[in-house]
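Topology and contacts: notes
Residue-level listing of the chains:
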Amino acid sequence: KEPVRVVGFGDSITGVYYHTGGRRAWPEMLGIALGRLYPKARVEVTNAGISGDTTAGALARLDRDVLSRKPHLVVVMFGMNDTARVPIEAYRENLGTLVRRCRAAGAEVVLCTPNSIYPQDAGRPVARLAEFAESVRQVGRELEAPVADCYRDYEDLRAADPRAWMGLMSETIHPNMRGHKRFAE
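The rules behind these values
Residues numbered from 1 in each chain as written. Predicted model: local features only at pLDDT ≥ 70, side-chain atom pairs only at ≥ 80, totals over all residues. Heavy atoms only, no water. Salt bridge = Lys/Arg side-chain N within 4 Å of Asp/Glu carboxyl O. Helix = DSSP H or I, 4+ residues; strand = E, 2+ residues; numbered from the N terminus. Buried < 20%, exposed > 50% of the residue type's maximum accessible area, 1.4 Å probe, protein only.

A few words now on the pattern of salt bridges. For the structure on display, the rule yields 11 salt bridges. Among the salt bridges present, the one from Asp 65 reaches Arg 64, with a minimum N-O distance of 2.7 Å. Of the charged contacts, one joins Glu 134 and Arg 137 as a salt bridge, the two residues approaching to 2.8 Å between their closest N and O atoms. Taken together, the positions of Glu 134 and Arg 137, both in helix H5 (residues 126-143) and 3 residues apart, correspond to about one turn of that helix. We classify Glu 134 as partly exposed; its relative accessible area is 27%. Sharing partners across several salt bridges, the network here consists of Glu 134, Arg 137, Arg 141, Asp 149 and Arg 152.

So, in structure tokens, the structure goes:
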């Protein structure tokens, strides 16, 4: 009787951003997919992605942008900006706090690793981004939270078919519409 409320929580890669043509990003695509899988369910998806945000900013806006919506599920995807600006220990701690606070409010949580990127982005060295992706996996294991491993998925595709991987990217770090569709899948 009550709609299932899902919040996609992240940075510009989550938010409706110019890299997808401003139409929709993975949270909206996830809502469409859930609607097709469960046609009798009422699914409401909110996109709480903000360009430039980090896990530190996420903690500051969690109540206002996420928990106030009384979500049943929060899908968390941060890391791209954290890689450039937040120490990895703080990132890991922030993710754990996000999971615990969402759960305390009654929401389930799915963690997402960030996507892989072109290697020439000096502010986000590939090796550092890989470490941050591993931190997401560690937090998932420690807190028994499912992880959608977007980083590994992108890297597996890059190894198998570099051109197909390039076809997911709008530029060096942001996925295009095809990349967002892959996240939703």
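What follows picks up the thread again.
Even without being a glycine, Lys 70 presents a positive backbone phi close to 50 degrees. You can see Lys 70 is positioned in the loop between helix H2 (55-65) and strand E3 (73-77).

Keep in mind these numbers describe shape, not what the thing actually does.
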